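The chain contents come next:
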Amino acid sequence: MGCLYNIFKWFKSNDPLIDEKEARTLRLEFQSRYHQFKLLLNANHLALEIMSGVEKALEGNVPFGMKFIRSRTMGAYTRVYQIVKHLKALAPGKYQDLPPRLEAIRLSLESLVNPVRPTPADDTYTLPVSALDKSHADQAGMKMANLGEMANRLHLKVPDGFVVTASAFRRFLDYNDLKVEVQRRIQSAEEQGHHALYTISADIRQLIQNAPLPADLEAAILKAYRDLARRQQGDVHLAVRSSALNEDREGTSFAGLYHSAMNVSGDHLIDTYKQIVAAAYSPAVMAYRLNRGLSEQETEMCVGVIQMVDAVCGGVLYSANPMNLRDRSVVINAAWGLPKAVVDGTTATDLFLVDRSPALVLTHREVAVKEKKYVCYPDEGVCRLDDTGPKMAQASLTDHQALDLAALAVAIENHYGRPQDIEWAIDPSGDIVLLQCRPLQVSADAPVRLPHPDDLDSLPPVLFQGGVTASRGAAAGPVHRVMKDVDALQFPSGAVLVTDRALARWAALIPRASAVISEKGGLTGHLANVAREFRVPALFGAAGVIDRLSAQDQITVDADTGRVYAGRVQSLLDMAGQVSSKNLMQGTPIFRTLEKAAGLITPLTLIDPDSPSFKASNCQTLHDITRFCHEKSVHEMFRFGKTHRFPERSSKQLRAQIPMQWWVLNLDDGFRVDVAGDRFVDIDNVTSIPMLALWAGITAFPWEGPPPVDGKGFVSVLFQATQNQALLPTVRTTMANRNYFMISKHYCSLQSRLGFHFAITEALVSDRTQENYVSFQFKGGAADFNRRLKRVRFVEEILDAHGFRTDVTKDALRARIEQHDAAAMVGKLKVLGYLSIHTRQLDMIMGNPAMVARYRGHILSQIDTLLAGPNQSAG
């Protein structure tokens, strides 16, 4: 044993010369880098939270406006900008492709959320109905464009008149500098919520009604009125109606929300015009616009000015049944007087149903008692009559008139190619006059009967219940556990991906997965975003689910209720295919803007950091940049610690009962009490969570000394010692027998040389599970390469069993684990601390299978004991 003792003595060397100034400089530099690293992680956390909020908004269940999109877009960009800045501080001069990629994304986002809207060169302030058709929707609004379409393309009777155009609206607002002020107040309403709409609406309407019209605009409106009066050979009473650019379109009817003024004289036309414009900002309109995702720019108000029809009767005409498109009956509602009684719902109305096939036939007639009607005053305005006289119980339409109306409805629907909602009146001469048409708003989905709670007994037993719904829906498939990369390679299409952590690298499997279940993870994770993007049901935070599902071949995942059932539950899958939550915002202009912006923010295309395509120039989204920077920041942080040796005087020596030198460099808040005047530090003064976990593993069981060495193993050690000049006692090394901890409360880097092998362990452990990780590098040994390789494989096997992702290159081992909570990470670090002590010199017995098996059993038993309870030691 004397020769062996001398071999081990080779590792003892004299203290190196110390450059105290260099030590202080290096320590300050590392502290600065660590500060940048923490700032980067914090910005990363905030960026992912914003991205999660964007994904949540895309569900469409909560209304939002452009204020929301602008704030979230700018918030995400700002956080990612900070991430890139902190990475540049960690790695000056590197990753030069990042800033241009970030700037390109910023410019694309800017063009979406703050588009430069070209001001139309057309300064036409009025257009006559005779000049309108549906191609004028951007000048006249859809309501007046449709009126012109019916008059000039279908040659149907509509009132004569004109429209005050969108150019006139812009001229009015610009002349009084109202545009910026109105937009500012609208954004304030979006931020403050519905309770603020009334006050803000009143302020905006008052601003508009008090503002004067430009002289040229007022002159144009009065000229158009005089032209109308000349055509009608006398003064004309008017219906002044809204025709906003976003009105009467499919999905955004604004039915009854905007203002119309009936039976207005020419003397009051200018004031009435301003009233109609101001009503574009009523509380009801602003709330509707917010809920339907319409931007303030699309509230430009055109105003229709048409000849008032002193109607004998009027009403609304549907070219199809709005509750059932399969019912092709024409639906007519009618009442005496102006159609206002019908559209306002202020009185009972007559109902007529006309079957259109094979010929128009009146199939149903229901006459109501119509106690109220609206009529025109002789001079100006309208009044409501609460006693309609003997006609109140009489039909307001003859059968012949009902059929004529139905024929018009069919003709208009055929022209537009879809069911229509039409407002009409019959004038004193008996002619039908069409006042408005727009797309019919229909309920396309048939009602679905949801299961009664009493019916749940018919479902199979619940295998698991709990977790967080990360992506909604239900799906079925065979269980496939994905714990390591090799599992991913074997993932079959249509399987349920079951994993212990929602790691970003599993995102590549999402398009092939029927559902995802993870024991860890939540809404803000990368994988949750990808699952929602592909609409794959996902249940995260499902603690203990792996053990529950290990024996199940086929399962059904109901992510909405957090339940997992045995087998394929077809009734549940059928229901999931029929029932979906109503998306209030989907299809609206603002929702489309958010979708486009989200496409530059949330998708994750850089998934595999080991791929050749994982580089800055390939970042397509802000999420890509956060992923890239996070990965590279960890690499840069570790590279600095790996390539710089920390001199002794920048550290404190740890008082320990283990016959090795342990030095501690406090980077930030790793000590309870400052020990500036002491060269030593006690373990009780250490607050670093990862260091304490490592130390618990290191000290849990005393090292029992080197294993018995057989002849071949001993010769191998001697031979390798002579070949490796770094191991000779005459070669000075600042790392000989010194093991350095660099610590803060949540961070630790341990560089150690124990025996013939070297190891670097880095860890970040905090309450932010998503940022937690442990990195471990292990190399060296005194035996020949074959025995060193077997020892590395021995350690790899143990780490694999504890969830580490491992990679072996020659006789070097790299292992990494991430995104576990703090308690789990502490356990992983205890394992690494234990292995760093108890696997040294095992390479010498790796040629003896029996001894390897005995040591494996002994080590695994002690690890189980270590993790089962309080630290234990053996005497």
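Everything numeric here is computed off the predicted structure, so don't read it as measured data. (Residues numbered from 1 in each chain as written. Predicted model: local features only at pLDDT ≥ 70, side-chain atom pairs only at ≥ 80, totals over all residues. Heavy atoms only, no water.)

1. A look at the sheet that holds strand β3 (residues 238–242)
Right, on to step 1. Taken in spatial order, the five strands of this open sheet run β1-β2-β5-β3-β4, and their pairing is antiparallel. Each of the sheet's edge strands pairs with one partner strand only, and the pair in question is β1 (126–128) and β4 (260–264). Each adjacent strand pair in this sheet contributes to an overall mean axis angle of 20°, direction not counted.
Right, on to step 2. Here four bridges tie strand β2 (residues 161–164) to strand β5 (residues 303–307), and the two strands are oriented antiparallel to one another. Its bridge partner being in β5, Phe 162 is matched across the sheet by Val 305.
Right, on to step 3. Seen against the sheet, helix α9 (residues 215–231) touches β1, β2 and β3 and runs at an angle of roughly 170° to β2. (Pairing = 2+ DSSP bridges. Helix = DSSP H or I, 4+ residues; strand = E, 2+ residues; numbered from the N terminus. Axes fitted to C-alpha atoms, helices over the stretch in contact; angles between N-to-C directions. Contact = heavy atoms within 4.5 Å.)

2. A look at the packing of helix α20 (residues 689–699) against helix α23 (residues 822–838)
Right, on to step 1. It is the contact of α20 with α23, at a shortest axis distance of 6 Å, that shows an interaxial angle of 45°. Relative to α23, the element α20 lies oblique. For α20 against α23, the interelement crossing comes out right-handed. From α20, Ile 689, Pro 690, Ala 693, Leu 694, Ala 696, Gly 697 and Ile 698 reach across to α23, where they touch Val 826, Leu 829, Lys 830, Leu 832, Gly 833, Tyr 834, Ser 836 and Ile 837.
Right, on to step 2. A breakdown of the residues in the contact of α20 with α23 according to their chemical character gives 11 nonpolar, three polar and one charged. (Parallel < 35°, antiparallel > 145°, perpendicular 65-115°, else oblique. Left-handed = near helix turned anticlockwise from the far one by under 90°. Nonpolar A, V, L, I, M, F, W, Y, C, P; charged D, E, K, R; others polar.)

3. Observations regarding the confidence of the model for the protein chain
Right, on to step 1. Here the protein chain averages 80 in pLDDT, and 78% of its residues register 70 or above.
Right, on to step 2. By mean pLDDT, helix α1 (residues 2–9) is the weakest element of the protein chain at 35, and β2 is the strongest at 96.
Right, on to step 3. Under a pLDDT of 50 for its full length, residues 443–454 has, in the predicted model, eight contacts with residues more than four places off or in other chains.
Right, on to step 4. Counting contacts from residues 871–875, a segment whose pLDDT is below 50, to residues more than four positions away or on other chains yields 10 contacts. (pLDDT = per-residue confidence, 0-100.)

4. Looking at the sheet that holds strand β9 (residues 361–366)
Right, on to step 1. Strand order across the open sheet formed by six strands is β9-β8-β7-β6-β12-β13, with antiparallel pairing between neighbours. The two strands at the open ends of the sheet, each matched to only one other strand, are β9 and β13 (432–439). Going across the sheet, the axis of each strand differs from the next one's by a mean of 20°, ignoring polarity.
Right, on to step 2. Relative to β9, strand β8 (residues 350–355) runs antiparallel, the two sharing five bridges. In the strand pairing of β9, Leu 353 is matched with His 364.

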